[in-house]
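The residues making up each chain are set out below.
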Amino acid sequence: STTSAVPSLSSLCVDFLVANFDCIESLGGVDSQARNQISRSLVDKNVLDDSAVAILAGTNIMDEYYGSGGVTSLEIPDGSNVTAPGLKKIITTMFRPHSGVHAV
């Protein structure tokens, strides 16, 4: 007899967000742990690019308006599809004065 586990609600939500990431403008109040899970899943699908990292980091225009949910860390397991200029823009936006984010 084979037993299969029922996926958690958070796992289902992450899977849904990843499957529809091209439609997402902002992650709003999504916490850093969930953003990191989304990041890993986007890498697995080979679609983590400048635009995706900007959304995950909360540095796009929609997050400036709605708030990024206090992103203080973001893991990028494979940035091979992220350009140097794109990463520079994201980092300089995340580390602006009084953002509460610090490089480690």
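Refer to the structure printed above.
Rules behind the numbers
The residue count restarts for each chain, going from 1 along the sequence in the order it is written. In keeping with the predicted nature of the model, local features appear solely for residues at pLDDT of at least 70, side-chain atom pairs appear and are counted solely at 80 or more, and the whole-chain, interface and lining totals rest on all residues. The side-chain quantities take in all heavy atoms of the structure and omit both hydrogens and water. Here, nonpolar core refers to any group of buried Ala, Val, Leu, Ile, Met, Phe, Trp, Tyr and Cys residues whose side-chain atoms link them within 4.5 Å. Using a 1.4 Å probe on the protein chains alone, a residue whose accessible area is under 20% of its type maximum counts as buried, one over 50% counts as exposed, and one in between counts as partly exposed. Numbering of helices and strands runs from the N terminus; a helix is a DSSP stretch of H or I covering at least four residues, while a strand is a stretch of E covering at least two. Contacts are residue-level and defined by heavy atoms, with any inter-residue pair within 4.5 Å sufficient. Think of each axis as a best-fit line through the C-alpha atoms, taken over the contacting stretch in the case of a helix, with angles from 0 to 180 degrees between the N-to-C directions. An angle counts as roughly parallel when it lies under 35 degrees, as roughly antiparallel when it exceeds 145, as roughly perpendicular when it falls between 65 and 115, and as oblique in every other case. Left-handed is the label given to a crossing in which the near helix is rotated counterclockwise from the far helix by less than a right angle, and right-handed is the label when the rotation is clockwise.

Novice: Let's hear about the nonpolar core: which residues, and what values?
Specialist: Ranked by size, the top nonpolar core spans 18 residues in total, and within it Phe21, Leu27, Ile38, Leu42, Leu48, Leu56 and Ile90 carry the most contacts. For this core, the secondary structure elements donating two or more residues are α1 (9–19), α2 (32–44), α3 (50–57) and α5 (84–94). Sorting elements by how many residues they give to this core places α3 first, with six residues. Ignoring any residue separated from it by four or fewer positions in sequence, one finds phenylalanine 21 in contact with Leu27, Ile38, Leu42, Ala52, Ile55 and Leu56.

Novice: So what's going on with the packing of α1 against α2? Residues and values would help.
Specialist: Between α1 and α2, whose axes approach to 10 Å, the crossing angle comes to 50°. Here α1 lies oblique to α2, going by the angle between them. Both α1 and α2 take part in a crossing whose hand is right-handed. Along its contact with α1, which presents Val14, Leu17 and Val18, the element α2 presents Gln37, Ile38, Ser41 and Leu42.

Novice: Outline α3, supporting the account with residue identities and numerical values.
Specialist: For α3, a buried count of six out of eight residues is recorded, marking the element as mostly surrounded by other parts of the structure. Residues of α3 that are buried: Ala52, Val53, Ala54, Ile55, Leu56 and Ala57. Following α3 by one or two positions, glycine 58 adopts a phi angle in the positive range, close to 75°.

Novice: Break down the environment of valine 82 for me, with residues and values.
Specialist: Note on placement: valine 82 falls in the loop between α4 (61–66) and α5. For the pair formed by valine 82 and serine 51, sequence separation is 31 residues and the distance between their alpha carbons is 8.6 Å. When near neighbours in sequence (up to four residues on either side) are disregarded, valine 82 contacts Leu48, Asp49, Asp50, Val53 and Leu87.

Novice: Please provide a residue-by-residue account of the side chain of serine 39, values included.
Specialist: With respect to the secondary-structure elements, serine 39 resides in helix α2. Not counting chain neighbours up to four residues away, the residues in contact with serine 39 comprise Leu48, Leu56, Glu75, Ile76 and Pro77.

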